[in-house]
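A closer look at the structure
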Amino acid sequence: MLRKSIYKSPAQLRLMLEPGRVTAASLVAARAALSVGATTAQVDEAAEKAILALGASPNFKLEAGYFHTICASVNDDVVHGIPNDRPLEPGDIVSVDSGAILGGWNGDAAISVVLPDPSRPELVAERQKLSEVTEGSLWAGIARLATASHLNEVGDAVQGYIEDRGTYGILTDYVGHGIGRSMHEAPPVFNYRVRQKGPEVKPGLVVAIEPMVVLGSIDTYTRDDDWTVATEDGSAAAHWEHSVAVHKDGIWVLTAEDGGASGLAPFGITPTPIA
């Protein structure tokens, strides 16, 4: 039996550029809508409007039983949170995961935002550092992808970055993934060290790297809505994600407005546009 290749052709990589840009635009709109007193349902609406305005569709709605454009996970919710009408409160940390499909190709990315709370500066600082460490670990993983021979070097870079910055928990039950015609494809992308090397990193590989990091234990459970994954100990969580393409001239972050230039600069990596 023939096994489907995990590597895309140059023409297919070019087709993934636009859904990546649309996904980035949806998160810009989501970030602008995030504020104290706003609801995640309103954030969802803002992200959907951005996607539809660019001629694409929300790909999360293609997941069986899911009816929203984004996942919005607040405080101790890690991933897969369902948008709702609860007003966001000062000091909340909100992870927004979004994706778009255009021309049959997918984008997928996530951000975390900490809302201001002048009355609790220590809480805000702790959560802001959690988000920054998680985002930094994402860029460390993307930077390693640019030079790696095998995919699982990414997880080594992610874990190493986090360990150097404090005591945090890296979720192991949920990992990144390949992306293309489907939002979730092979291969798995680990956010931590594993013994296996993983597939070869070569032109045509497109993956969504998405570290999920918590302040406490990595043990989680799924809430009664059958979607939302939360920490068992109630500790706060952050989630950052980008879809990244490896091509003949280098790497390009499909879901970053600048292709990843600003995020990769501290690591000495310059992304190269897909020709």
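Below you will find a few notes about this structure. As the structure is a prediction and not an experimental result, all values here were calculated from the model.

Thoughts on the sheet that holds strand S12 (residues 229-231)
Taking strand neighbours across the sheet as the criterion, the 3 strands line up as S3-S12-S11 in an open arrangement whose pairing is antiparallel. Looking at strand neighbours, the two that pair on one side only are strand S3 (77-79) and strand S11 (220-222), the edges of this open sheet. On average, each strand axis in the sheet is tilted by 40° relative to the strand beside it, whichever way the strands run. Judged from the 2 bridges that link them, S3 and S12 form a sheet pairing that is antiparallel. Residue valine 79 lies in a different strand from S12, and its bridge partner there is valine 229.

Some words on the nonpolar core
Val96, Ile142, Leu145 and Ile209 are the most contacted members of the largest nonpolar core, which has 49 residues in total. Counting 14 residues, the second-largest nonpolar core is a separate cluster that includes Phe60, Tyr66, Trp105 and Ile179.

Re the sheet that holds strand S6 (residues 169-170)
Read across the sheet, 3 strands follow the order S6-S10-S13 without closing on themselves; strand pairing throughout is antiparallel. With one partner strand each, in any of the chains shown, S6 and strand S13 (237-239) form the two edges of the open sheet. In this sheet, S13 lies alongside strand S10 (residues 212-214) in antiparallel orientation, the contact comprising 3 bridges. From the neighbouring strand, valine 214 faces S13, where its bridge partner is alanine 237. Across the sheet, helix H4 (residues 121-147) lies against S10 and S13, angled at about 35° from S13, the strand it touches most.

Looking at the packing of H4 against helix H5 (residues 153-163)
Look at H4 against H5: their axes get within 8 Å of each other, and the N-to-C directions meet at 145°. In this structure, H4 crosses over H5, and the sense of that crossing is right-handed. On the side of H4, the interface is formed by Val133, Gly136, Ser137, Ala140, Gly141, Arg144 and Leu145, while H5 contributes Glu153, Val154, Asp156, Ala157, Val158, Tyr161 and Ile162. Broken down by class, the residue content of the contact of H4 with H5 amounts to 8 nonpolar, 3 polar and 3 charged.

Digging into the pairing of strand S14 (residues 242-247)
Burial within S14 is extensive, with 6 of its 6 residues counted as buried. Side-chain alternation along S14 places His242, Val244 and Val246 on one buried face and Ser243, Ala245 and His247 on a second face that is also buried. Note: strand S9 (residues 206-209) against S14, 4 bridges, orientation antiparallel. When the sheet's bridge partners are listed, valine 206 is paired in S14 with alanine 245. Taken together, the 4 bridges between S14 and strand S15 (residues 250-253) define a ladder with antiparallel strand orientation. Each residue of the ladder has a partner; that of histidine 247, found in S15, is glycine 250. The loop that links S14 with its antiparallel partner S15 comprises 2 residues.

Regarding the side chain of serine 98
The residue serine 98 is located in strand S4 (residues 93-102) in this model. Owing to a relative accessible area of 0%, serine 98 belongs among the buried residues under this scheme. When sequence neighbours within four positions are dropped, the list of residues in contact with serine 98 reads Thr23, Ser26, Leu27, Ile51, Phe60, Thr69, Ile70, Gly107, Asp108 and Ala109.

Thresholds applied
Each chain carries its own residue numbering, running from 1 in the written order of its sequence. For a predicted model such as this one, the threshold for reporting local features is a pLDDT of at least 70, and the threshold for listing and counting side-chain atom pairs is 80 or more; totals across whole chains, interfaces and linings nevertheless cover every residue. Water and hydrogen atoms play no part in the side-chain values, which are based on all heavy atoms of the structure. If DSSP finds at least two bridges between two strands, the strands pair. Numbering of helices and strands runs from the N terminus; a helix is a DSSP stretch of H or I covering at least four residues, while a strand is a stretch of E covering at least two. Note on definitions: angles span 0 to 180 degrees between N-to-C directions of axes, and those axes are lines fitted to C-alpha atoms, for helices only across the stretch in contact. Here the nonpolar core consists of buried residues drawn from Ala, Val, Leu, Ile, Met, Phe, Trp, Tyr and Cys, with membership extended through side-chain atoms lying within 4.5 Å. Exposure categories follow from relative accessible area, calculated using a 1.4 Å probe and restricted to protein chains: below 20% of the type maximum is buried, above 50% is exposed, and the middle band is partly exposed. Contact between two residues is taken to exist if any of their heavy atoms lie within 4.5 Å; hydrogens are not considered. What makes a crossing left-handed is the near helix being turned counterclockwise from the far one by less than a right angle; a clockwise turn instead makes it right-handed. Classes in brief: Ala, Val, Leu, Ile, Met, Phe, Trp, Tyr, Cys and Pro nonpolar; Asp, Glu, Lys and Arg charged; the others, Gly included, polar.

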